[in-house]
Amino acid sequence: MTAAIGRCDDVPGLTLAQQLTQQETLPATQTSDATTPSGKQNSTLDFLLRRMRNKGDFPALSESIGRIQSMASSEKESINSVTNEILKDVALTNKLLRLVNSAHYARGSSVGTVSRAVTLVGFNGIRNMALSLVLLEHMQDKANAHLLKEEFLRALMAGAIAAELGGSQAEGEEAFIGALFQSLGRMLSQFYFPEEALAIHDQVSDPCGPISEDAASTRVLGLSYEALGLGISRAWSLPESIQRCIIKPSGDPPNQPPKDPLLRLRWNTRAANDMADAMLHSEAQVVDARLAKLTKTYYRALGISTEQVQAATAAARKKLVELAQAMDITVRADSLAAHLLNQQVHLAVAGQAGPGRNQDVDTIISNEFHAMPVLSAQPATMAAATQASVSGQRSQTLVAGVQDITNAMVEDFNLSDVLRMILETMFRALEFDRIVFCMRDPKTDTLTGRFGLGNGVESLVNQFHVPLHTTGTPDLFATICSKAADTLISDASDPRIQQRLPAWYSQSYNAPTFLILPLLLKGKSFGLIYADKAQKGGLELDEKELSLLRTLRNQAVMAFKQSA
């Protein structure tokens, strides 16, 4: 049979396979359980990676995944570092918060800050969400976006099933991301090589002589989807457990759960992907029969009963719609994915739906905090309608943060976690460029920077240095702290301001607009919150916003009192 192989954009007139043949890099076979690629496979992978890097999305995708994975897996990284990395991407931040509040991940009360999400869900859970969202984000606006989202939904379903089959929360988290990434090679091929992906699909589904997906992808791309996914996962430094899950275990499932946890995880993710395939590619009337057959095939290897496997797939079906809603995934009405989602909606309504179900993940829980006395609002510089909309969004984010921090402080809380949540809420709501928390050093009676958020803030935090008692004229920051005056500087280039700014500030920060909120205990300054913007006059606060900022500042003071 002659393969209908797509044309390569890099060398006009030559297919991928022809280019690879010219380079003598086309491997003859590909074994599904191989984890050490041959020299030919490495050459082929390098060739494909070069093609992918030539497309603008891949370097950005690689960088995002690499940063998230390395930070979430490092024992040296703090919650603050992971939070700051996520906050650099506004779209990722908003979708992650929607996802963490969905029924799939919900931990009870609403979560309004990334810091709180990391604390509650854990590094691995946040890593899984962030990696999933980053993959999806790069698939949204392509010409073949409907096919990409369909494949992503299939992988998401596999992840949901694998998580349900996991014996514990930790096992479920690893199983979710392992099952999701098992189809990494297929997803990225659909994304970067759509013509070749179509050729592979045609060969697999050819009624005259279908061949396996491994054989078809090797023939068209020069190596199998599995080998491609494994190679890219190594380039991204994904954990060994994820890399191993990409390569499905070969042969028949064992009659009992493997003693090796990693092998048990691999059988879990293989079963989950087979079940997701059955759910996506089968007609509604035969889905249950195919799932029942797969259940009999895998239940012994999974170490659970057939009833438990059926319950897991049913629960995963119900959660897929919530995940799709939280991640803003929309599909064509006539697609297989829509069939799957519609089937899920029917099952959810027929199952556990009712008054107790989580409502719209965008709902922000109201609160009853009493505002502090406020300063006069700054004159409006926008059209009234636009200003009202922006102010409303800011206030919503501030209110959600106040509620989130309140929920945390009712429990046994970590002081640094609460302070981080307070800074994050201010940072996100008012779109500051940098924000820094300072505390008094009792040995020197100086306010020094401890941690912050924003681009490049890590190298600047230690530069913050405000002596509270000096023999000379106190600088602007010391004066603000001594007077306990919440202060907004809209134009730091004003000569009256310039002459009061310390040299360390002009050299390291030098922002045209900044805000100072002093923290006091027993009438004495023990800390301050500094935040800035890169535009002169870039911050205008109405009474409600200023009141909420002061509430957040007061929560910081209260957190110190309670922790003492």
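Model, not experiment: these values are computed from the prediction.

1. Things to note about the overall build of the protein
- In terms of regular secondary structure, the protein is built from 24 helices and 6 strands.
- The 564 residues of the protein split such that 52% are buried.
- In the protein, the share of contacts with a sequence separation of at least 24, taken over all contacts with a separation of at least 6, comes to 68%.

2. Overview of the sheet that holds strand β1 (residues 434-441)
- Taking strand neighbours across the sheet as the criterion, the 6 strands line up as β3-β2-β1-β6-β5-β4 in an open arrangement whose pairing is antiparallel. The open sheet terminates on both sides in strands that have one partner only, identified here as β3 (465-467) and β4 (487-489). Between one strand and the next, the sheet's axes are offset by a mean angle of 20°, whatever the strand orientation.
- Two strands pair when backbone bridges link them, and strand β2 (residues 446-454) and β3 are joined in this way by 3 bridges, in the antiparallel orientation.

3. Focus: the side chain of Gln182
- Summarising the element assignment, Gln182 is placed in the loop between α9 (169-181) and α10 (184-192).
- Contact partners of Gln182, with chain neighbours within four places excluded, come to Cys245, Ile246, Lys248, Thr269, Arg270 and Asn273.

4. Observations regarding the environment of Ile126
- The residue Ile126 is located in helix α7 (residues 123-137) in this model.
- Each C-alpha atom of the pair Ile126 and Ile68 lies 9.2 Å from the other, and the pair is 58 residues apart in sequence.
- Here Ile126 is in contact with Ile86, Leu96, Ala117, Val118 and Val121, once residues within four sequence places are set aside.

5. Examining the packing of helix α6 (residues 114-121) against helix α20 (residues 415-430)
- Where α6 meets α20, the axes come as close as 8 Å, and the angle between the chain directions of the two elements is 145°. Packed against α6, whose contacting residues are Val114, Ser115, Arg116 and Thr119, the element α20 presents Asp417, Arg420, Met421 and Glu424 at the interface.

6. Things to note about the layout of surface pockets
- Taken as a whole, the largest pocket holds about 1,100 Å³ of empty space.
- Looking at the largest pocket, it is lined by 37 residues, and the ones nearest its centre are Glu151, Arg186, Glu213, Asp277 and His281.
- When contributions to the lining of the largest pocket are tallied by element, the ones reaching two or more residues are α8 (145-165), α10, α11 (194-204), α12 (213-221), α13 (225-235), α15 (261-281) and α16 (284-302).
- No other element matches α15, which puts 7 residues into the lining of the largest pocket.
- Split into classes, the residues belonging to the lining of the largest pocket amount to 13 nonpolar, 12 polar and 12 charged.

7. Quick notes on the nonpolar core
- One finds Phe152, Leu156, Phe181, Trp236, Met426 and Ile529 to be the most contacted residues of the largest nonpolar core, which totals 132 residues.
- At 12 residues, the largest contribution of residues to this core is made by α8.
- Excluding its chain neighbours within four sequence positions, the residues that come into contact with Phe181 are Leu131, Leu135, Trp236, Leu238, Ile242 and Ile246.
- Residues Val436, Val461, Cys481 and Ala511 belong to the second largest nonpolar core, which totals 25 residues.

8. Digging into the pairing of β1
- Sheet topology note: the β1/β2 ladder contains 8 bridges and is antiparallel. Looking at β2, one finds that Met439 is bridged to Thr448.
- The loop that links β1 with its antiparallel partner β2 comprises 4 residues; one of these, Asp445, has a positive phi angle of about 55°.
- Of the strand pairs in this sheet, β1 and strand β6 (residues 524-533) are connected by 6 bridges, and their pairing is antiparallel. Bridging across to β6, Val436 finds its partner in Tyr530.

9. Section: the packing of aromatic side chains
- A complete count under the given rule lists 20 aromatic pairs for this structure.
- Look at Phe191 and Tyr192: their rings are 4.3 Å apart centre to centre, the planes differ by 75°, and that puts the pair in the edge-to-face class.
- Judged by its relative accessible area of 8%, Phe191 falls in the buried class.
- According to the relative accessible area criterion, Tyr192 is buried, its value standing at 2%.
- Centre to centre, the rings of Phe437 and Phe560 are 6.2 Å apart; their planes meet at 10°, and the pair counts as stacked.

10. As for the pattern of salt bridges
- Applying the stated criterion across every chain, the model contains 13 salt bridges.
- A salt bridge links Asp404 to Arg116; the shortest N-O distance between them is 4.0 Å. Here Asp404 is found in helix α19 (residues 384-410), whereas its partner Arg116 is found in helix α6, with 288 residues between them in sequence.
- Taking the relative accessible area as the measure of exposure, Asp404 reaches 1% and is therefore buried.
- The class for Arg116 is buried, based on a relative accessible area of 6%.
- Across the pair Arg154 and Glu151 runs a salt bridge whose closest N-O atoms are separated by 3.3 Å. Of this pair, Arg154 and Glu151 both sit in helix α8, separated by 3 residues, roughly a single helical turn.

11. Looking at the packing of α6 against α7
- It is at 6 Å that the axes of α6 and α7 come closest, and there the two elements cross at 120°. When the axes of α6 and α7 are compared, the pair comes out oblique. Side by side, α6 and α7 meet where Ala117, Val118 and Val121 of the first sit next to Phe123, Gly125, Ile126 and Met129 of the second.
- Across the contact of α6 with α7, the residue classes break down as 6 nonpolar, 1 polar and no charged.

12. Some thoughts on unusual backbone geometry
- The phi angle at Ala484 is positive, at roughly 50°, despite the residue not being glycine.
- Positionally, Ala484 belongs in the loop between α21 (476-483) and β4.
- At Lys522, a position not held by glycine, the phi torsion is positive, near 55°.
- The residue Lys522 is located in the loop between β5 (513-521) and β6 in this model.
- Judged by relative accessible area, Lys522 falls into the exposed class, the value being 87%.

13. Points about the environment of Asn455
- Its place among the elements puts Asn455 in the loop between β2 and β3.
- Take Asn455: its relative accessible area is 59%, and that puts it in the exposed class.
- Along the sequence, Asn455 and Asp433 sit 22 residues apart, while their C-alpha atoms lie 7.0 Å from each other.
- Those residues in contact with Asn455 that lie beyond four places of it in its chain are Lys88, Asp433 and Arg434.

14. Considering the side chain of Thr295
- Along the chain, Thr295 turns up in helix α16.
- A polar side-chain atom of Thr295 sits 2.8 Å from the main-chain carbonyl oxygen of Leu291.
- Look past the residues within four positions of Thr295 in its chain and what remains in contact with it is Met275, Thr306, Val309 and Gln310.

Calculation criteria
Residues numbered from 1 in each chain as written. Predicted model: local features only at pLDDT ≥ 70, side-chain atom pairs only at ≥ 80, totals over all residues. Heavy atoms only, no water. Helix = DSSP H or I, 4+ residues; strand = E, 2+ residues; numbered from the N terminus. Buried < 20%, exposed > 50% of the residue type's maximum accessible area, 1.4 Å probe, protein only. Contact = heavy atoms within 4.5 Å. Pairing = 2+ DSSP bridges. Axes fitted to C-alpha atoms, helices over the stretch in contact; angles between N-to-C directions. 1 Å grid on protein atoms, 1.4 Å probe; cavity = no way out; pocket = protein on both sides within 12 Å on 5 of 7 lines; lining within 4 Å. Points joined across faces, edges and corners; volume = space filled by probe spheres on them. Nonpolar A, V, L, I, M, F, W, Y, C, P; charged D, E, K, R; others polar. Core = buried A, V, L, I, M, F, W, Y, C linked by side-chain atoms within 4.5 Å. Phe/Tyr/Trp six-rings, centres within 6.5 Å; stacked < 30°, edge-to-face > 60°. Salt bridge = Lys/Arg side-chain N within 4 Å of Asp/Glu carboxyl O. Parallel < 35°, antiparallel > 145°, perpendicular 65-115°, else oblique. Polar contact = N/O pair within 3.5 Å; in protein donor to acceptor, adjacent residues only side chain to side chain.

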